[in-house]
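# Structural overview for review
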Amino acid sequence: MGFFSKLLGMENAPREIPKLGRNDPCWCGSGKKYKKCHMESDLRRISKIRASRCTSSS
């Protein structure tokens, strides 16, 4: 399991994005490392998706 999968609790969830390590080249083709390019925006997007799936019963 990757670091971010464990961090976000997605060990058993189907992968919606390709598995990228922090030091892999970014998926956008910029030539930058993923951690310096799109990692934060991808994590925010994943967080929003996970939050929308949560249901709270009050």
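Higher on the page you've got the structure.
These remarks concern the structure in this document.

Conventions we followed
- Residues numbered from 1 in each chain as written.
- Predicted model: local features only at pLDDT ≥ 70, side-chain atom pairs only at ≥ 80, totals over all residues.
- Heavy atoms only, no water.
- Helix = DSSP H or I, 4+ residues; strand = E, 2+ residues; numbered from the N terminus.
- Polar contact = N/O pair within 3.5 Å; in protein donor to acceptor, adjacent residues only side chain to side chain.
- Contact = heavy atoms within 4.5 Å.
- Salt bridge = Lys/Arg side-chain N within 4 Å of Asp/Glu carboxyl O.
- Buried < 20%, exposed > 50% of the residue type's maximum accessible area, 1.4 Å probe, protein only.
- Disulfide = S-S within 2.5 Å.

By the secondary structure assignment, Asp42 is in helix 2 (residues 39–53). Here the side chain of Asp42 touches Trp27 through a polar contact of 2.9 Å, side chain to side chain. Beyond its immediate sequence surroundings of up to four residues, Asp42 is in contact with Trp27 and Tyr34.

Relative to the helices and strands, Trp27 is located in the loop between helix 1 (3–7) and helix 2. In this structure the C-alpha to C-alpha distance between Trp27 and His38, which are 11 residues apart in sequence, comes to 8.2 Å. In this view, Trp27 contacts Leu20, Tyr34, His38 and Asp42; residues no more than four positions away in its chain are not counted.

Turning to the pattern of salt bridges, a few remarks are in order. Taken as a whole, this structure holds two salt bridges when the rule is applied. Two residues, Glu40 and Arg44, come together in a salt bridge whose shortest N-O distance is 4.0 Å. Residue Glu40 and its partner Arg44 are both found in helix 2; the two are separated by four residues, about one turn of the helix. Note that Asp42 is salt-bridged to Arg45, the shortest N-O span being 3.6 Å. With a gap of three residues between them, Asp42 and Arg45 both fall in helix 2, about one helical turn apart. The exposure class assigned to Asp42 is buried, which follows from its relative accessible area of 5%. Residue Arg45 is classed as partly exposed on the basis of its relative accessible area of 38%.

Looking now at the state of the cysteines. Any covalent bond linking the sulfur atoms of two cysteines counts as a disulfide. Scanning the model with the defined rule gives zero disulfides in all. The cysteine Cys28 is free of any disulfide, with Cys37 supplying the nearest cysteine sulfur at 3.7 Å. Here Cys37 stays free of any disulfide, with the sulfur of Cys26 as its closest cysteine sulfur at 3.6 Å. Given a relative accessible area of 28%, Cys37 falls into the partly exposed group.

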